[in-house]
Amino acid sequence: MQRYLMLIDGADVPSASGEFFLSDNPYTGQNWAEIARGDVRDVDQAIKAAHTAFNQGPWPELTASARGLLLYRLADLIEANAEHLAAIEVMDNGKLLAEMAGQLNYLPAWFRYFGGLADKIEGAVIPLDKKGYLNFTKHEPMGVVAVITPWNSPLMLLAWKIAPALAAGCTVVIKPSEFTSASTLEFAKLFEQAGFPKGVVNVVTGFGSDVGAALVEHPLVAKVSFTGADGTGRRINQAAAASFKHVSLELGGKSPNIVFEDADLDAALSGVVSGIFAATGQTCIAGSRLLVQQDIHDVFVDKLVKMASAAKLGDPTNPDTQIGPICTEPQYNKVLDYIRIATEDGATLLLGGKPASPQPAAGGRFIEPTIFGNVRSSMRIAQEEVFGPLLAILPFSDENEALEIANDVRFGLAAGVWTKDMVKALRMSERLKAGTVWINTYRAISVMSPFGGYKDSGLGRENGSAAIREYLVTKSIWINSGAETANPFVMR
Ligand code: NAD
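The rules behind these values
- Going along each chain's sequence as written, the residues are numbered from 1 onward.
- Only residues with pLDDT of at least 70 are given local features in this predicted model, and only at 80 or more are side-chain atom pairs given and counted; all residues enter the totals for whole chains, interfaces and linings.
- To obtain the side-chain values, all non-hydrogen atoms of the structure were used and water was disregarded.
- Think of it this way: one heavy atom of a residue within 4 Å of a molecule or strand is enough to make that residue near it.
- N or O atoms closer than or at 3.5 Å make up a polar contact, with two conditions inside protein: a donor-capable atom paired with an acceptor-capable one, and, for residues adjacent in sequence, both atoms drawn from side chains.
- Each helix corresponds to a stretch of at least 4 residues labelled H or I by DSSP, and each strand to a stretch of at least 2 residues labelled E; elements are numbered beginning at the N terminus.
- Throughout this entry, Asp, Glu, Lys and Arg are counted as charged residues, while Ala, Val, Leu, Ile, Met, Phe, Trp, Tyr, Cys and Pro are counted as nonpolar. The remaining residues, Gly among them, count as polar.
- We treat two strands as partners when DSSP finds at least two bridges between them.
- In this analysis an axis means a line fitted to C-alpha atoms, helices contributing only their contacting stretch, and an angle means the value between N-to-C directions, from 0 to 180 degrees.
- Grouping into patches uses exposed residues only, defined as over 30% relative accessible area, and leaves out salt-bridged ones; the cut-off is 9 Å for like charges and 5 Å for nonpolar side chains (Val, Leu, Ile, Met, Phe, Trp, Tyr).
- Accessible areas in this description were obtained via Shrake-Rupley with a 1.4 Å probe; residue shielding takes into account the shown protein chains only.
- A carboxyl oxygen of Asp or Glu within 4 Å of a side-chain nitrogen of Lys or Arg is what we treat as a salt bridge.
- Classification of residues uses two cut-offs on accessible area relative to the type maximum, computed with a 1.4 Å probe and protein chains only: under 20% is buried, over 50% is exposed, and between them is partly exposed.

A. Quick peek at the site of the ligand. Taken together, 28 residues lie around the ligand, and Thr149, Glu178, Thr232, Leu251 and Glu385 are the ones closest in. Contact between the ligand and Lys175: an oxygen atom at 2.9 Å from a side-chain N or O atom of the residue. Separating an oxygen atom of the ligand from a side-chain N or O atom of Glu385 is a distance of 2.5 Å. Broken down by secondary-structure element, the contributors of at least two residues to the shell around the ligand are α8 (208-217), β10 (221-227) and α9 (230-241). The residue makeup of the shell around the ligand, split by class, is 14 nonpolar, nine polar and five charged.

B. Just the sheet that holds strand β14 (residues 348-351), in detail. Strand order in the open sheet made by the seven strands is β14-β15-β16-β13-β12-β18-β19, with mixed pairing throughout. Since the sheet does not close on itself, it has two edges, and those belong to β14 and β19 (436-439), each with one partner. Between one strand axis and the next, the sheet turns by 25° as a mean value, whatever way the strands run. Summarising the sheet, strand β12 (residues 256-259) and strand β13 (residues 289-293) pair through four bridges and their orientation is parallel. Among the inter-strand pairings, Pro256 is bridged to a residue of β13, identified as Arg289.

C. Structural detail: a nonpolar patch on the surface. A surface patch of nonpolar side chains, amounting to about 250 Å² of accessible area, comprises Val125, Leu134 and Ile479. Within the secondary structure layout, Leu134 lies in strand β6 (residues 133-141). Residue classification places Leu134 among the partly exposed residues on the basis of a relative accessible area of 36%.

D. Spotlight on the pattern of salt bridges. Enumeration over the complete set of coordinates arrives at 27 salt bridges. When the shortest N-O distance is used, the salt bridge between Glu178 and Lys175 registers 3.4 Å. Judged by relative accessible area, Lys175 falls into the buried class, the value being 3%. Here Lys303 makes a salt bridge to Asp266, at a shortest N to O gap of 3.8 Å. Residue Lys303 is located in helix α11 (residues 297-309), and its partner Asp266 is located in helix α10 (residues 265-277); the two are separated by 37 residues in the primary sequence. Given the relative accessible area of 36%, Lys303 is considered partly exposed. Asp266 sits in the exposed class, given a relative accessible area of 52%. Each of Asp230, Arg234, Arg410 and Asp456 takes part in a single network of salt bridges with overlapping partners.

Here's what the structure looks like:
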């Protein structure tokens, strides 16, 4: 059994309680690691370390260019350790090694992109409407950031937050998901090697109700950057409001993949399958609602069922495997619950609908790729995020009806549109209430392109140059350069 400690103030430390919790391998269901179980005492220690590192010592003394160079060095170290990090994530999360290899190849880009931005955080000189003053702005780092991540893509979603936070000059306390803490702790070892001063990056492991909640409530935390479920996001937003903390929330989705009759059907098919079955549907951007125009509905659905039924479930380390296990036990039960709910609500089961039998490994958590037809927008399977390999198909007659169905959910993270008519595609992109709209593609992500949700899918944006602003506060500085002494009782 591998044992993991936490990272606080540059040292690997056990938790104050001395307790550990277990982490299992979703492919086999076997426990493989024990993780230090932090509580409010560890949170307090880590935040104090991050607060000290923010205010004193080498970190605030670094030039912005020197901060950027540290991020570049970290990117090089990620490259050098990519295979090891991928292997840990596969073991802890059940993600396919092929997908992790792709993620790890791309991960350094976050640290290079934001490392390059570190010394381009420029203020402005304001041409005031008052004579006799020089007024300029500075963008300063917010302070200590609590970074709370989910289990589905631990390293990538962590990079989306800490690359801009560190580039901005903040310090961080990271709390990974209790289901997948190992890769974050392995990754955290690279910060010292890269030359980051102690206390700039800290990791406290444990459960949401104690470690997560304590981070959000701590008075020395300036900002909470969270990715996870919408219910948790709502609780965090409410708790953070009590002390007026800044908050970024990347939450769930119920994204539509909309296929018009004039689409390139083979391309659409591949996009729909990747949208819901890649990463076993455990992605916030899962295209979990397929909206198909009536004229092509039957043909398209037939092809889709054939393609999905041929998908290979199996060992995540095998390069031929296409669908891996469900990451956590509660998530496995949740997906099975939604299969039952969809059936009770009157949807028609077209494919799957049960645990894989036999399981690719004894103790594994595999569910067959599952497709429901005849879904109505009011059904729970069309409204609620399942976060698994479960697709709901809704037919539509024309563009207006497609839009009505697509926007008829409380989420608004992403949407896919498949058509050869670019004018129609553009109209759809303008009217879809979603933070990302993909036209004739799906699941495309870049460090350079802003990502975030409308409606209940979240607040704030990650990726893209503006994301660094999520970790900065603006200060306005006034210098009297000859303004006359004015009446002290009148506003200048
Ligand atoms: P979750 O909300 O259960 O947990 C996320 C993190 O929050 C974990 O680290 C957890 O320990 C912590 N947490 C739980 N309760 C807390 C509390 N009261 N205070 C502070 N922290 C607390 O989510 P999950 O099940 O790990 O992840 C799946 C969800 O994440 C899905 O809804 C998915 O859509 C969403 N997600 C969103 C994005 C995005 O970018 N929009 C990306 C990936 C995942």
